[in-house]
Amino acid sequence: MGDVRRSQASTSVEVESGGIDTRSSLKEPDRTVSDSATETRRAGSNEPESLVDTEETLGLMFTRLVAILDNPPDDDTFVELTAIYDNVAYIFLYLESNEAHIDYHRLLPWRERFFDDSSLDRRIREALGHLRCSDEEAEQARRAYLSHLQDREESKSEELDDQLLALQRCAKEVLASVEDDQRRLLGRLGIGSSEGRPWPRFYRFMSGTDNAATRCKLNQVWLRTRDAKLTSLIDIVNDMARTRRERAAKRGFDTVLCETLTRCRLSESAASDFIDDYLSHAIGSHEKLEADIRHALGTTEGGVADHFGRYMHTIAGNEVIPLFDLDTCLEFIFHVATVTFGLKFSEIASGSEHVVRFQVHDADRMLGVINFDLWNTQGTPKAYNSTRGIRNRTEWSNLVQHPIAYVSCRFVRSQDGSSRINLQNVHSLFHEFGHALNHLLIRRRLPTRSGLDFLPLERLENLSMWFEKWVYHPDFTKRVAETPETARRISTAQRVKLLEYRRTHLERGVTAALDFELHRDRAVGIRGAFESLDRRFNLQRYCSLGDFPAYFTWPMFQAHPGANFAYLWGSADSCEKFAPFLLDPISRTSPPDDARQLFADSFDFDLPSRRPAPAAIFSFYDVSRVGVS
């Protein structure tokens, strides 16, 4: 393992600060209270360096693209062309998902050069129109790519796209104004400063407030402040939905959801039934959590939103965050991948002290490379663990295009020069490692602006969510716990993490249901969708409309409107598939062929999507398990 520098720190056990835990390089990143004071600061001195490097990469890719088109393409250059577009698409989704940390707007002209240049599209169509690939699958991909370019030209709606971008900017302006109001509220309460996001500081303040009635009053004031501009935000979200409907109609679809579901392998009714099933379980889980909180705190008033922070404080107290050796964590997840999938990892020179690079082999066949970017979070915080890169291995006869995936490792450096990582970041690291392996093992994909076309939408998170769950396996604790005291602190941190996820069960489900209904119904707005759900599930007993509109400004909602249920699907699938592994030591797991068969639908678009049971999520997160007290 490379000379990875580490650090040590002592703070209270991390507690996620709220919101939906959506964990993907394409979604709002996780947050913790321990990160809250610095989480929205720009990348500081590291950011310009990072953006310059990205800009140089984009420039080199564009130069290579033009060079490819200057000559008649062949099978090899066709694969390289698609790989370039895969990489560019994903880079921008990666940047968008971390825009709170990276001011990337100076790079936007590069996206326009790649994706919004009609003359470039015509050159590609002309070049590929004269090509006939020797391999049948390559030829199918070429024809599909030409069809995609033709459809894009025929359904071009620049005016509507511009309207959506303008509405997105308006929504973010409203949200920024709300945060300014919240900062002023914090100032009146004597907590916080004018910098950073206000919610984590308010959450911490609520956690330290002992009186239940005071917590309820504080939360009501906070919600009134948050909802003061709710009508404006709802109007913008509804305008976004109307604009998408107009764009979908221009492309020949009855609804926005109909267009999105072309990227899925399940019907509208199957997705709707899955969401309803999830919501029914989530309500029961939420009621149980509320009862647990009231019993623990001895209160009869208020709900989860009023008392969850205080409840977590009683569990974690001033417990010291366990920090783990980064090399040991990497060795553990490599071992998991070796035992379960039969893969081999070998370190190779990276050319940078900030990158640890590994080749990944399947027997004697090289699959690709994973770069682990080392981000020291002391004083210069950057984005959260994310994966980006060329995310497919296209193997047509003797033609091989190997993928390169990037996984960020957030760590702190110890006095002895080693690198240390907390449980939250281990969880994210394992999740993104799962995405990286998915990139290496996928059979094929067709690149578009979304950069996410290598699997049906509902299966994008299956493997990554399965890998993240290894932080709860008893063998992980045995591997990283240096003393019995450390093992005890790991148990507490695991319990905190599980409870944070449990707190968001209902919020996740309602968000997915609103997203689905808003883009399924031609007339309903977000308020009408919420009222319809409320009539069916009595939602206002547990949440309010104001909890949700902000999520509709996140990248996933822009890229695939109506498909937010994919995260629930991935969670259910991964919980079902991980349950047998949790019960046994790694040494007794099934052979690699069994694991590959288990996850066959994560590597092959053409396989059908098997519906997982939402109940598996609640069985996993709502009960105590081995290693978690």
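Cut-offs and rules
- Within each chain, residues carry numbers counting from 1 in the order of the written sequence.
- Only residues with pLDDT of 70 or above have their local features reported here, since the model is predicted, and side-chain atom pairs are shown and tallied only from 80 upward, although totals for entire chains, interfaces and linings are computed over all residues.
- Based on all heavy atoms of the structure, the side-chain values leave hydrogens and waters out of the count.
- UniProt positions are given in the numbering used here, feature names are shortened, and annotations may be inferred rather than shown by experiment.
- Secondary structure elements are defined from DSSP: runs of H or I of at least 4 residues count as helices, runs of E of at least 2 residues count as strands, and each element is numbered from the N terminus.
- Throughout, exposure labels follow a simple rule: accessible area from a 1.4 Å probe, protein chains only, divided by the maximum for the residue type, with under 20% read as buried, over 50% as exposed, and the rest as partly exposed.
- Whether two residues are in contact is decided by their heavy atoms: any pair within 4.5 Å suffices.
- Note on areas: Shrake-Rupley with a 1.4 Å probe; residue coverage comes only from the protein chains shown.
- Any pair of nitrogen or oxygen atoms within 3.5 Å is treated as a polar contact; in protein, a donor-acceptor pairing is required on top of that, and neighbouring residues in sequence qualify only through side-chain atoms on both sides.
- Pairing of aromatic side chains here covers Phe, Tyr and the six-membered ring of Trp, requires ring centres within 6.5 Å, and sorts the geometry by plane angle: under 30 degrees stacked, over 60 edge-to-face, intermediate tilted.
- Only Lys NZ and Arg CZ are tested; either one counts as a charge over a ring when it is within 6 Å of the ring centre and within 35 degrees of the ring normal.
- What goes into a patch is any residue over 30% in relative accessible area without a salt bridge, connected to like charges within 9 Å or, for nonpolar side chains (Val, Leu, Ile, Met, Phe, Trp, Tyr), within 5 Å.
- A pairing counts as a salt bridge when a side-chain nitrogen of Lys or Arg comes within 4 Å of a carboxyl oxygen of Asp or Glu.
- Charged-residue counts in this description rest on Lys and Arg as positive and Asp and Glu as negative, His and the chain ends being excluded.
- We put the charge of a Lys on NZ, of an Arg on CZ, of an Asp on CG and of a Glu on CD.
- For helices, the axis comes from a line fit to the C-alpha atoms of the stretch in contact; other axes are also lines fit to C-alpha atoms, and the angle between any two N-to-C directions lies between 0 and 180 degrees.
- Nonpolar residues are Ala, Val, Leu, Ile, Met, Phe, Trp, Tyr, Cys and Pro. Charged residues are Asp, Glu, Lys and Arg, and all others, Gly as well, are polar.
- Residues belong to a common nonpolar core when they are buried Ala, Val, Leu, Ile, Met, Phe, Trp, Tyr or Cys residues joined through side-chain atoms within 4.5 Å.
- This arc corresponds to the set of directions leading from the helix axis out to the C-beta atoms.
- What pLDDT reports is the predictor's confidence in each residue, on a scale of 0 through 100.
- For two strands to pair, DSSP has to find at least two bridges joining them.

Note on the chain: under the UniProt heading Sequence similarities (unreviewed entry), the record states "Belongs to the peptidase M3 family."

A few words on the overall build of the chain. Assigned secondary structure in the chain consists of 23 helices and nine strands. Per-residue burial for the chain yields a buried fraction of 60% across its 629 residues. In the chain, 77% of the contacts between residues at least 6 apart in sequence involve partners at least 24 apart. Counting only carbon and sulfur atoms, one obtains 48% of the accessible surface of the chain, whose full area is about 24600 Å².

Right, let's talk about the side chain of Arg-226 for a bit. When you line up the elements, Arg-226 lands in helix α8 (residues 212-226). Side-chain polar atoms of Arg-226 contact the side chain of Ser-544, separated by 3.4 Å. Excluding residues within four positions of it along the chain, Arg-226 makes contact with Val-178, Gln-182, Ser-544, Gly-546 and Asp-547.

What follows is about the packing of aromatic side chains. For any two aromatic rings, the description comes down to two numbers: the centre-to-centre distance and the angle of the planes. One pass over the full model with this rule turns up 40 aromatic pairs. Ring geometry for Phe-62 against Phe-114: centres 5.2 Å apart, planes inclined by 85°, an arrangement best described as edge-to-face. In this pair, Phe-62 sits in helix α1 (residues 46-69) while Phe-114 sits in helix α3 (residues 108-115), placing the two residues 52 residues apart along the sequence. Phe-62 sits in the buried class, given a relative accessible area of 11%. Directly above the ring of Phe-62 sits Arg-113, whose terminal nitrogen or CZ lies 4.2 Å from the centroid. Note that Arg-508 overlies the ring of Tyr-501, its terminal NZ or CZ placed 3.7 Å from the centroid.

As a further point, take a negative patch on the surface. Together, Glu-153, Glu-158, Glu-159, Asp-162 and Glu-246 give the surface a local cluster of negative charge. Top element by residues in the negative patch is helix α6 (residues 158-189). It accounts for three residues.

Helix-helix packing: each pair is described by the crossing angle between the helix axes and the interaxial distance. Relative orientation of the contacting elements helix α17 (residues 484-503) and helix α18 (residues 505-520) amounts to 35°, with a least axis distance of 4 Å. Between α17 and α18, the contacting residues are Tyr-501, Arg-502 and Arg-503 on the first element and His-505, Glu-507 and Arg-508 on the second. When its residues are assigned to classes, the contact of α17 with α18 shows one nonpolar, one polar and four charged.

Following the criterion strictly, the structure yields 34 salt bridges and no others. A salt bridge links Arg-520 to Glu-517, with the nearest nitrogen and oxygen atoms 2.4 Å apart. Taken as a pair, Arg-520 and Glu-517 lie in helix α18 at a separation of three residues, close to a single helical turn. With relative accessibility at 24%, the residue Arg-520 sits in the partly exposed group. Arg-610 is the salt-bridge partner of Asp-573, the closest N and O atoms lying 3.2 Å from each other. With Asp-573 in helix α21 (residues 565-582) and Arg-610 in the loop between α22 (592-598) and α23 (615-621), the pair connects residues that are 37 residues apart, well separated along the chain. With relative accessibility at 0%, the residue Asp-573 sits in the buried group. Of the residues examined, Arg-610 reaches a relative accessible area of 38% and is grouped as partly exposed.

Further remarks concern helix α7 (residues 198-207). Where burial is concerned, most of α7 is hidden: seven out of the ten residues are buried. Of the residues making up α7, those classed as buried are Pro-198, Pro-200, Arg-201, Phe-202, Tyr-203, Met-206 and Ser-207. The secondary structure elements touched by the buried residues of α7 are α6, α8, α12 (304-316) and α17.

Here we come to unusual backbone geometry. Unlike most non-glycine residues, Ala-363 shows phi in positive territory, near 60°. For Ala-363, the location among the structural elements is in the loop between β3 (355-362) and β4 (365-376). You will see that Asn-538, though not glycine, has its phi angle at about 55°, which is positive.

Moving on, we come to the environment of Gly-546. When you line up the elements, Gly-546 lands in the loop between α19 (526-537) and α20 (555-559). The class of Gly-546 is buried, set by a relative accessible area of 13%. Spatially, the C-alpha atom of Gly-546 lies 8.9 Å from that of Ile-234, the residues being 312 residues apart in sequence. Once residues lying within four places of it in the same chain are set aside, the contact partners of Gly-546 are Arg-226, Asp-227 and Leu-230.

Next up on the list: the nonpolar core. Core analysis: the biggest nonpolar cluster contains 105 residues, and Phe-372, Phe-430, Phe-433, Phe-467, Trp-470 and Phe-565 have the highest contact counts within it. Excluding residues within four positions of it along the chain, Phe-430 makes contact with Cys-329, Phe-332, Ile-333, Ser-464, Phe-467, Glu-468, Trp-470, Val-471 and Phe-476. Grouped together as the second largest cluster of nonpolar side chains are 28 residues, Leu-58, Leu-81, Tyr-104 and Leu-128 included.

Inspection of α3 places Trp-110, Arg-111, Phe-114 and Phe-115 among the buried residues, and these make up the whole buried set. One side of α3 holds all its buried residues, which, seen down the axis, span an arc of 110°.

We now examine the confidence of the model for the chain. Residues of the chain with pLDDT of at least 70 account for 79%, and the chain-wide mean is 81. Note that pLDDT drops below 50 for residues 1-48; the model gives that stretch 193 contacts with residues more than four away or on any other chain. Of the regions scoring below 50 in pLDDT, residues 379-401 engages in 109 contacts with residues more than four places distant in sequence or in other chains.

Of all eight residues that make up β3, six are buried, and the element is covered over most of its length. When strand β2 (residues 343-348) meets β3, the two strands line up antiparallel, connected through six bridges. Residue Phe-345 lies in a different strand from β3, and its bridge partner there is Val-360.

Our focus in this paragraph is the environment of Asp-521. Note on placement: Asp-521 falls in the loop between α18 and α19. Taking relative accessible area as the criterion, Asp-521 reaches 34% and is therefore assigned partly exposed. Note: C-alpha distance between Asp-521 and Asp-254 (267 residues apart in sequence) is 9.7 Å. Here the side chain of Asp-521 touches Ala-523 through a polar contact of 2.7 Å, landing on its backbone nitrogen.

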